[in-house]
Structures are given as structure tokens and as C-alpha cells.
2 protein chains.
Amino acid sequence: MAKRIGKQTVAIDDITIISSAAVVGPKEAQGPLAKDFDVCHNDSLLGEETFEKAESRLQSQALQKAISKAGRKSEDIDVVFAGDLLNQCIGSSFGLMNFNIPFIGMYGACSTAALSIGTAAVFVDSGAANCAAAVTSSHFCSSERQYRFPLEYGSVRTPTAQWTVTGAGAFILCKGGTGPKVKSVTFGKIEDLGVKDANNMGAAMAPAAASTIAAYFEDTGAAPQDFDAIYTGDLGQVGTDLLHQLLQKEGLKIEKQHRDCGLMIFDCEKQDVHAGGSGCGCSASVLGGHIIKKLQSGKENNILFCATGALLSPTSTQQGENVISIAHLINIKNR
Amino acid sequence: MAKRIGKQTVAIDDITIISSAAVVGPKEAQGPLAKDFDVCHNDSLLGEETFEKAESRLQSQALQKAISKAGRKSEDIDVVFAGDLLNQCIGSSFGLMNFNIPFIGMYGACSTAALSIGTAAVFVDSGAANCAAAVTSSHFCSSERQYRFPLEYGSVRTPTAQWTVTGAGAFILCKGGTGPKVKSVTFGKIEDLGVKDANNMGAAMAPAAASTIAAYFEDTGAAPQDFDAIYTGDLGQVGTDLLHQLLQKEGLKIEKQHRDCGLMIFDCEKQDVHAGGSGCGCSASVLGGHIIKKLQSGKENNILFCATGALLSPTSTQQGENVISIAHLINIKNR
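Numbering of residues begins from 1 in every chain and follows the order in which that chain's sequence is written. Whichever chain is written first becomes A and whichever ligand is written first becomes 1, with later ones labelled in order. Selection of residues for local features in this predicted model requires a pLDDT of at least 70, selection of side-chain atom pairs for listing and counting requires 80 or more, and totals for whole chains, interfaces and linings are taken over all residues. Neither water nor hydrogens contribute to the side-chain values; these are computed over all heavy atoms in the structure.

### Here we look at the overall build of chain A
Thought 1: Note on conventions: DSSP H or I runs of at least 4 residues are helices, E runs of at least 2 residues are strands, and numbering of each starts at the N terminus. Along the backbone of chain A there are 10 helices and 14 strands.
Thought 2: For the radius of gyration, the atom set is restricted to C-alpha positions; the globular benchmark scales as 2.2 Å times the number of residues to the power 0.38. Taking 20 Å as the expected radius of gyration for a compact globule of 335 residues, we find that chain A reaches 18 Å, a close match to that expectation.
Thought 3: Judged by the C-alpha coordinates and their principal axes, chain A covers about 50 × 50 × 35 Å.
Thought 4: Three labels apply to residues, based on accessible area from a 1.4 Å probe with only protein chains included: buried if under 20% of the type maximum, exposed if over 50%, partly exposed otherwise in between. Counting every position in chain A, which comprises 335 residues, the buried fraction comes to 68%.
Thought 5: Residue contacts are counted whenever heavy atoms from the two residues lie within 4.5 Å of one another. Taking the contacts inside chain A whose residues are at least 6 apart along the sequence as the reference set, 77% of them involve residues at least 24 apart.
Thought 6: The method behind every accessible area is Shrake-Rupley, applied with a 1.4 Å probe, and residues are considered shielded solely by the protein chains displayed. When the accessible area of chain A is evaluated, it comes to approximately 11000 Å², of which 47% is carbon and sulfur surface.

### Let's talk about the side chain of Ser-93 of chain B
Thought 1: Locating Ser-93 of chain B in the fold gives a position in helix H3 (residues 90–96).
Thought 2: Those residues within four positions of Ser-93 of chain B in sequence are excluded, and the remaining contacts are Ile-190, Leu-311 and Ile-324 of chain A together with Phe-103 of chain B.

### Details of the interface of chain B and chain A
Thought 1: Counting residues at the interface gives 58 residues for chain B, matched by 58 residues for chain A.
Thought 2: Put simply, buried area is how much 1.4 Å-probe accessible surface two parts lose in total, over both of them, once they are put together. Of the roughly 4800 Å² buried at the junction of chain B and chain A (both faces included), carbon and sulfur atoms supply 65%.
Thought 3: Together, Arg-4, Gln-88 and Phe-94 of chain B form the three largest contributors to the area buried by chain B at its contact with chain A, with a combined 15%.
Thought 4: The working definition used for a salt bridge is a side-chain nitrogen of Lys or Arg within 4 Å of a carboxyl oxygen of Asp or Glu. For the pair chain B and chain A, the interface holds four salt bridges.

### Quick look at unusual backbone geometry
Thought 1: If you check the backbone angles, Asp-14 of chain A has positive phi at about 60° while not being a glycine.
Thought 2: Turning to its location among the elements, Asp-14 of chain A is positioned in strand S2 (residues 9–24).
Thought 3: When its relative accessible area of 34% is taken as the criterion, Asp-14 of chain A is described as partly exposed.
Thought 4: With phi around 60°, Gln-88 of chain B is a residue other than glycine that occupies positive phi space.
Thought 5: Relative to the elements of secondary structure, Gln-88 of chain B occurs in the loop between strand S4 (79–83) and H3.
Thought 6: With relative accessibility at 2%, the residue Gln-88 of chain B sits in the buried group.

### Details of the pairing of strand S6 (residues 131–138) of chain A
Residues and elements named next belong to chain A.
Thought 1: With eight of its eight residues buried, S6 lies for the most part within the structure.
Thought 2: The alternating pattern of S6 places Cys-131, Ala-133, Val-135 and Ser-137 and Ala-132, Ala-134, Thr-136 and Ser-138 on opposite faces, both of which are buried.
Thought 3: Relative to S6, strand S4 (residues 79–83) runs parallel, the two sharing five bridges. Bridge assignment links Val-80 to a residue of S6, and that residue is Ala-133.
Thought 4: With eight bridges connecting them, S6 and strand S8 (residues 167–175) associate as antiparallel partners. Bridge assignment links Val-135 to a residue of S8, and that residue is Ala-170. If DSSP finds at least two bridges between two strands, the strands pair.

### What about the packing of helix H6 (residues 201–220) of chain B against helix H7 (residues 236–249) of chain B?
Residues and elements named next belong to chain B.
Thought 1: The convention used is that axes are lines fitted to C-alpha atoms, helices contributing only their stretch in contact, and that angles between N-to-C directions extend from 0 to 180 degrees. Interaxial distance between H6 and H7 falls to 8 Å at its minimum, and their mutual angle equals 40°. Judged on the interaxial angle alone, H7 and H6 are oblique. Crossing angle aside, the handedness with which H6 passes H7 is right-handed. In this structure, H6 contributes Gly-202, Ala-203, Ala-206, Pro-207, Ala-209, Ala-210, Ile-213 and Ala-214 to the contact, and H7 contributes Gly-239, Leu-242, Leu-243, Leu-246 and Leu-247. Roughly parallel refers to an angle under 35 degrees, roughly antiparallel to one over 145, roughly perpendicular to one between 65 and 115, and oblique to any angle outside these ranges. Should the near helix be turned anticlockwise from the far one by less than a right angle, the crossing is left-handed, and should it be turned clockwise, the crossing is right-handed.

### Some points on helix H5 (residues 140–147) of chain B
Residues and elements named next belong to chain B.
Thought 1: Counting buried residues along H5, seven of its eight residues qualify, which places the element largely inside the surrounding structure.
Thought 2: Listed in full, the buried residues belonging to H5 are Phe-140, Cys-141, Ser-142, Ser-143, Glu-144, Gln-146 and Tyr-147.
Thought 3: On its buried face, H5 is in contact with helix H2 (51–69), strand S6 (131–138), strand S7 (163–164) and helix H10 (314–318).

### Quick word on the packing of H2 of chain B against H5 of chain B
Residues and elements named next belong to chain B.
Thought 1: At a closest axis distance of 8 Å, the pairing of H2 and H5 adopts a crossing angle of 135°. The angle between H2 and H5 places the two elements in the oblique class. Between H2 and H5 the crossing geometry is left-handed. Judged by residue contacts, Phe-51, Glu-52 and Glu-55 of H2 engage Cys-141, Ser-142 and Arg-145 from H5.
Thought 2: Broken down by class, the residue content of the contact of H2 with H5 amounts to two nonpolar, one polar and three charged. Each residue gets one label: Ala, Val, Leu, Ile, Met, Phe, Trp, Tyr, Cys and Pro are nonpolar, Asp, Glu, Lys and Arg are charged, and the others, such as Gly, are polar.

### Observations concerning the confidence of the model for chain A
Thought 1: Known as pLDDT, the predictor's per-residue confidence is scaled from 0 to 100. Confidence in the prediction for chain A averages 95 pLDDT; 100% of positions are at 70 or higher.
Thought 2: Here the predicted complex scores 0.97 on pTM and 0.97 on ipTM.

### Brief notes about the pattern of salt bridges
Thought 1: Going through the model one piece at a time under the given rule, you end up with 23 salt bridges over all chains.
Thought 2: Of the charged contacts, one joins Glu-48 of chain B and Arg-57 of chain B as a salt bridge, the two residues approaching to 3.6 Å between their closest N and O atoms.
Thought 3: Since its relative accessible area comes to 34%, Arg-57 of chain B is described here as partly exposed.
Thought 4: Here Arg-148 of chain B makes a salt bridge to Glu-144 of chain B, at a shortest N to O gap of 3.1 Å.
Thought 5: In this structure Arg-148 of chain B comes out as partly exposed when scored by relative accessible area, which is 30%.
Thought 6: On the basis of relative accessibility, which here comes to 8%, the residue Glu-144 of chain B falls in the buried class.
Thought 7: Sharing partners across several salt bridges, the network here consists of Glu-49 and Lys-53 of chain A together with Glu-321 of chain B.

### Observations concerning the state of the cysteines
Residue and element names in this part refer to chain A.
Thought 1: By convention in this document, the label disulfide applies to cysteine sulfur atom pairs within 2.5 Å. Applying the stated rule across the entire model yields zero disulfides over all chains.
Thought 2: Cys-268 takes part in no disulfide bond, and the closest cysteine sulfur, belonging to Cys-282, lies 9.6 Å away.
Thought 3: Judged by relative accessible area, Cys-268 falls into the buried class, the value being 19%.

### Some details on the nonpolar core
Thought 1: Remark: nonpolar core denotes a set of buried residues (Ala, Val, Leu, Ile, Met, Phe, Trp, Tyr, Cys) joined through side-chain atoms within 4.5 Å. Membership of the largest hydrophobic core comes to 110 residues, with the highest contact counts inside it found for Leu-173 and Phe-305 of chain A together with Leu-173 and Phe-305 of chain B.
Thought 2: Contact partners of Phe-305 of chain A, with chain neighbours within four places excluded, come to Ala-113, Ala-114, Tyr-231, Cys-261, Ser-283, Leu-287, Ile-291, His-328, Leu-329 and Ile-330 of chain A.
Thought 3: With 78 residues, the next largest nonpolar core counts Leu-85, Leu-96 and Val-135 of chain A together with Leu-311 of chain B among its residues.

### Observations regarding the relation of the copies chain B and chain A
Thought 1: The atoms used to superpose the copies are C-alpha atoms, taken from residues with pLDDT of at least 70 in both, and the fit is least squares. Rotating chain B by 180° about the axis while translating it 0.0 Å along that axis superimposes it on chain A, leaving an RMSD of 0.0 Å. Such a combination of rotation and displacement between the chain copies is what one expects of a two-fold axis.
Thought 2: The fraction of interface residues of chain B whose copies in chain A are also interface residues reaches 100%, indicating that both copies meet through the same surface.

In C-alpha cells, the structure reads:
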């Protein structure tokens, strides 16, 4: 039975991530985490005709891989939670349509990995599912076309710009079993600090990360030093610096434990990705490929995973709205 | 504690819809259900500068109204589930950002009302929330611009076309309390019957409705005559006829109990809406305004509410993909 702790956190019991998988594109395959991913593609199109179909394929491959690593079949999964960045989330719907699993579509922008795993964990904990899956993807080329310009336009990127990760992560959650456990979920509130620059997502998302991380510590009474690592999704360099400043104002110092998936997935300088990786596939593939392995091997035993999302659209930006944001956090622990 | 029944249905216990509200636009205010809506606007812009901001306002007004009808305050709501049809779901994020409630974004296209209420019910049942809200909206003008053409283009509508409802519905769910109760949720699978015509949503969504309704009857052993009414979301005339045919093949006759929210909200002939109303605000406002009142007054005591969504985007249609669809179903009962 789930139990509310404080205002935003839900403690849950004995829900295990029995397997995970990460599938990525060519640029991620040249980055420092390459060896941790289950599948590295050397073609951005994955043999498909369009980037959108390629993104769907990232999702279906990641889910297929996670299911088979768990020694299960699709029919063992009671419900799948999934989301992506494409308009009307077509990466998820077309990617997962053939699995024949009851489907719950989610939209959390780049916070989707934490959101979908957290919601899946509540479902399994409640008995609404015996076994649930969570899948998240993004694709550099489909994102650039949709949010900015077609690649052929060759537009110049700002120094604060981040590079959308081509990748997907999938997770299988069950009650009991062996593996790292989701111990709590902190669902975030929408934050607005008045950021207007849609090319500076890190700055827009840092306040949401700060708010949710601070809420977690307030709700649970835990402290940063209790954790082997505190991961954020895709703040990049600009957002990371801002997060540290914002949390210091709340009396929280996380510099020592903090790592940002957006700064881990690429060698930012050598790979010319400016402020770091981004996109909901960034945190999903780093968690599904790299972090879960660290937990499984016992190199880390207790971590926080906080994925942040910017809740904007090209329309809202063109209409002069601020870049508002949200962050959801899960605590994953070995036992 | 939630309990799985059969393959797709989750039975839940004593979760009450303690209040609901519906806010609609001018065309809906001239339709047959006008007197049931909480707020009828006579201006499509609701005094805002853009249709997107107007849609956000529909959501915020509906949630505010539902909270105040429940005699609660925003801080009493532990989590809000919300979705809409706009790219990146900005109707929900900008509409609900000022409520300061932990926010879970959902994407189910026009199935969002059933999806968000169903997911909220599982959360309250599990103890993850004591009180949850579910909000859904659509807006004719923001949808036309995004999915089809700007209104100024004056494009001709096909006979099978439906009219996107300008409206929002909001629901407050708690454990115990007085009011109609969510007794079970049937989460749907993605269906693909090869429909290519993006102007014939009814035909695309009917297979999903048929699949989820049949799954409900199979999972629970109930029969159509057990219900005062079986509501679908926005199949319109074309989809309604097709649904009856598809269910007859499964040995299920629902004609007597079946009503479609898309055919209820407008006088299709007089209001020139072709095949009926559509959009996720259609089923949300008809449920929040009209159906919940029927349950509260005891005119109906046991109903099924099945909202259907077409999981397409203009991009998927342009790339030649089929119009795939999904339907989620909730059983609402007085006691």
C-alpha cells in the first residue's frame, strides 16, 4: 500500500525494477557511456523512412529488449506507461501499438522517464498491475524539425543550446523479485521563473529540479549525504550551475552527489554538443543503460533520479509565454 | 486495494467523484445540454488573446469550479491528472500551473477524460493520494488551426467530419464520501483497423471502443442490460453505427443502452456539425456536466463511460500512417 509522506512524496513498498534496456543512436554510441547501452545504432534512421518512425523503433526495441532481459513475454505485462516529445506522442503510440498491452500515454516533456516509472510503481504497488512497463524516447532529428528547424536549414546553435539525445529507455516493474527497488516517488509542481529563452532549457528547468529535490528532502527528512548519487535528467551545464545556486539558498548542498545525465551521455567539448544532452530519451537511456547497471553491480546502492521537463511548445513560445517546467523524482535503492 | 479482474480491468473500492464541473463555449451553450454546464461562455476567446490561452482558461475555470463545488481548496488536492489535444499539452500545463498542485500530464487524445479519471481513481485507491483531480479540455479553434487549417481559410468540411467541442470537464475524486463511485477501470489497447481517412475519426475510433467494451464484459461477466446507459465519448454518427456492428459480431447488443456524447452535445442537424461533436472536451464536459448530474439525481445508477481517442498527428497522417486508436472505460455507480 502506498503511503503519502509530506506534501508531494509517495512511499511505496517492494516494487522492483526487474529489468531495463537502453537503445541509442550514433552520436550517443560515440559518447562515454556507449558500452552501457543495449543497442547502439550507427544510422539515425534505424533503417526507417522517417525520423518519426525511427523514434518509434527506438521505443519498440527498448521495450522488447527489457521484456526479454526480464525473461518475460509481452502478455506478462499488464500495462505500459509511455511518452515522448513528438506532437500527440506518436513516438510512443506507433512504437508500442503492436505489443498488445493496455497503454497509458503520458506527457511530461523531458521529465517523462521519472514520471512514467513513478506512475507505474504506484500502479504495481496498488495491485492495479502485477507487472508494468515504462518507456520513454526522444530523437535528435525529429525534435529539431518539430521544435526548431529542419536539419537541412543548417541553423546556428546558441552556446546555451543542448543536443537532443536519440535514445529510448524501457523499464519493467514488478512486486517483489530481484533488482533495484523504487522506494518513493515525488511528483512535481509546475514552476515558472519567468524564463523566456527557448534555447536555454537548462535555466528554465533548474527551478523545477530545485523545487522537487527540496520537496523530497523536506518530505522525507533525508539529506544529500544519504545518497551515492543524485541524478538530474538534462539540465546541462547552465542548468546544473543554476540548480546548485538555487538549492544553496534552501540550505542544501548537492554538488558532491550530483550528476546530470545530459553531461554524462556526451563528451560535451569533443562532441560539440554545447551545454550538454537533452530530451526525454537522455535521462531514460542513461538510467536504463548506465545507472541501473551501477545499482545492479552494487557500485551504487541508494540514488535519487530527478528528471526535468520544459512544458513549452513552439506555439506557446511564439505567443510570448514563459518556458514553464516540472520535475519528478524517484528514489531507487538496493533493498 | 485495487484488484485485477481478467486481462484489462481493475476493480477499485469506494472511490467517490465528490464533485465535477463543466465549462463550455458558445456553440455548446446553444446545444441541448446547455442547462447542465456550470459555465457557458458566449465568446470563443474567453477574453484571452489567443485560442490556446482560451483553452487553458477552460481548464483552470473547470478545476476551480469543481474544487469549490466540493467545498475544498487547491491545497486539499494531492495530485492533478490532466491532458488535452494541443501539441505538448499546453492547454493543461498553462491552464493548471497556478494551482500549485503536483501535476501528472497525460496523453490519450479524445480518450483523456476516462484515462485521467481512471488513473486518478487508482492513485486514490492505492493511498498515493487522498484526493485527486482529473481535468480534460479541447477547443474548436485551437484544434482546427493545429490539426487542419486556420479558420480564416474557410475550408469545406467532409460529411464524416466532426466538430471539436470547446469545453473542459474537471472531477474531484476522494476515498469515501458522497457521490457516484468509480467501481472499475478498463485500460485499452491500441487498435489499428487500417483506417487512413483523418476526416473520419468515428470510423477510426469505433474498433477501439468495441475492443475495450468487449474486454470489460469479458473481464467482469456483466451484460449490457445491467446498465442504465453505456456512454461513448465522441464516435459521432458514423462511429456509432460501426460500433454497433462490431459488437454484434462479438454477440453484444448495446443499442438500447448506448448514447454517444458527440451526438448528445449538439443538435447535429440544426447546428450543422455533420457527424457530431468530438475532441476530448466533448466527453469530459458531457460527463462533468450532464451524466454526473443524472447519477447524482438517481435518474441513472449504473453506467459505463468509454472515451475513445485517435492517436494520430498531422505528421503521422502526412507520412501515410493509419489512424490508430484507443479507448479507456470506467464504470460509475451509485454505491
